[in-house]
Amino acid sequence: MTAISLVFRALAALWLGVAGPAAAEPLSALARPDLAASALEDLPGGGVALQLDLSQPVPYRVFTLEAPPRLVVDFREVDWRGISAAALTGSDRVRAARAGTIRPGWSRLVLDLAAPMALASAEMPRDPVSGRARLTVQLGPADPARAAAPAGPPAQTALWGLPAPEPLPPPPRRNDGSRPLRVVIDPGHGGIDPGAERAGISEASLMLSFGKELAEALARAGFDPVLTRAEDVFVPLETRIDIARAARADLFLSLHADALADGYASGATVYTLSDTATDRASAQLAERHDRDALLAGVDLSDKDDVIAGVLMDLARTDTQPRSERLAEAIVAGLGAHVGQLYKTPHMSAAFSVLKAPDIPSVLIEMGFLSSRDDRENLTSPDWRARAAAGIVEALRAWAETDAAEAALLRR
């Protein structure tokens, strides 16, 4: 296991809260109850009021239990050490009170009731001057049939804790050449999103045809191709990455043939991920794809969770150099087989489909539909076959080098 893997796992453990024995650490004592300022009081009509003074507000939940009747209050980060809840007095309708830790980060106050009661209200206002809080709970009388109906803890909430995580398969090991390289081919656009259109030709249809042809060429060459779409359907951008991850892809190729509204550009271009575009043509294309991201789904470039960002950046320290080498190999392969490349054939942009941190990814603009020469090439079966052969040759060379590097990393 590499040093990056060890750091990644350690950060993931901290992020997910699964750091082993340390998870059983005691409360952090963010709040303390003050029983001298707290009280239990009998209310007219057979009810009970609890007033519990705390050093500050905390998340909490309140519910009743039956057989025997009890009031239960769960607190997030309230430290009862050295404090006896039995000191809560003032009500003849409460037989006993006790409190203590029930799980890491949570404590519980239990009041044994002399008769079944129903929860009437609960609130925890904060004093704006002192910053202290007072939990006020009121119970009303109820016969056993009525009291039993709402009894029991509430449904699980985010405050109390999330459900048990779904078991996940271990992350795929980097291909060392012992198995076929799994290549996810992503024909851009589709369905309600035709992409660029010129002279009766749509980007979505053209790239679907080329994607199928490329998949056949890769399969004949011993690769394991997977298409994100095999027909004219709309697939959200984030779903395309999900498909690649579910397929346990070794690399991801997104296929496009865009058009410029202004100016002229011609030739194939290979993009890798970057926060900024390389030139004007790249900027216009990135802007177009980013609009698609806003329409189709969530753009992962905005990350509120700092640790999540660190984890993804760590993963990219491995995948980004591999993506760069992949792009250079495809540029060389296309150049050798079709010749016609854009003036800057390897560029970078913030395309959403390139943002998977754990899969080497490139976006290939096969040409520009706004260019008559490119349209003729892209609609030519012979040209597409030569382009597919160039990509196959590039992937074969990249896979050999990448597998050799993977073997060195494991030593």
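Small disclaimer: the values here were computed from a predicted structure and weren't measured.

1. Focus on the sheet that holds strand 5 (residues 94-103)
Then, in step 1: With antiparallel pairing, the four strands of this open sheet are ordered in space as 3-4-6-5. Every interior strand has two partners, whereas the edge strands, strand 3 (60-65) and strand 5, have only one. Strand after strand, the sheet turns through a mean of 15 degrees between neighbouring axes, direction not considered.
Then, in step 2: Two elements, strand 3 and strand 4 (residues 70-76), share six bridges in a ladder whose sense is antiparallel. Paired with V62 across the strands is V73, a residue of strand 4.

2. Looking at helix 4 (residues 237-246)
Then, in step 1: All of the buried residues in helix 4 are L237, R240, I241 and A244. Axial view of helix 4: buried residues confined to an arc of 95 degrees, hence all on one face.
Then, in step 2: Immediately downstream of helix 4, the backbone of R248 shows phi near 55 degrees, a positive value.

3. Describing the nonpolar core
Then, in step 1: Residues L214, L253, I330 and L395 are the most contacted members of the largest nonpolar core, which totals 41 residues.
Then, in step 2: Among the elements that line this core, the one with the most residues is helix 8 (residues 381-409), at nine residues.
Then, in step 3: The contacts of L395, once residues within four sequence positions are left out, are V183, L218, F223, L251, L253, L326 and I330.
Then, in step 4: One finds L50, W80, I83 and L111 within the second-largest nonpolar core, a separate group that totals 28 residues.

4. Remarks on the pairing of strand 2 (residues 47-54)
Looking down a regular strand, the side chains alternate between one sheet face and the other.
Then, in step 1: Counting buried residues in strand 2 gives seven out of eight residues, a clear majority hidden from the surface.
Then, in step 2: Counting the residues that bridge the hairpin from strand 1 (residues 33-43) to strand 2 gives three residues, and of these G45 lies at a positive phi of roughly 90 degrees.
Then, in step 3: Pairing of strand 2 with strand 8 (residues 133-141) involves seven bridges; the strand directions are antiparallel. When the sheet's bridge partners are listed, V48 is paired in strand 8 with L139.

So, how was this worked out
Residues numbered from 1 in each chain as written. Predicted model: local features only at pLDDT ≥ 70, side-chain atom pairs only at ≥ 80, totals over all residues. Heavy atoms only, no water. Pairing = 2+ DSSP bridges. Helix = DSSP H or I, 4+ residues; strand = E, 2+ residues; numbered from the N terminus. Axes fitted to C-alpha atoms, helices over the stretch in contact; angles between N-to-C directions. Buried < 20%, exposed > 50% of the residue type's maximum accessible area, 1.4 Å probe, protein only. Arc of directions from axis to C-beta. Core = buried A, V, L, I, M, F, W, Y, C linked by side-chain atoms within 4.5 Å. Contact = heavy atoms within 4.5 Å.

The values are spatial; any link to function lies outside them.
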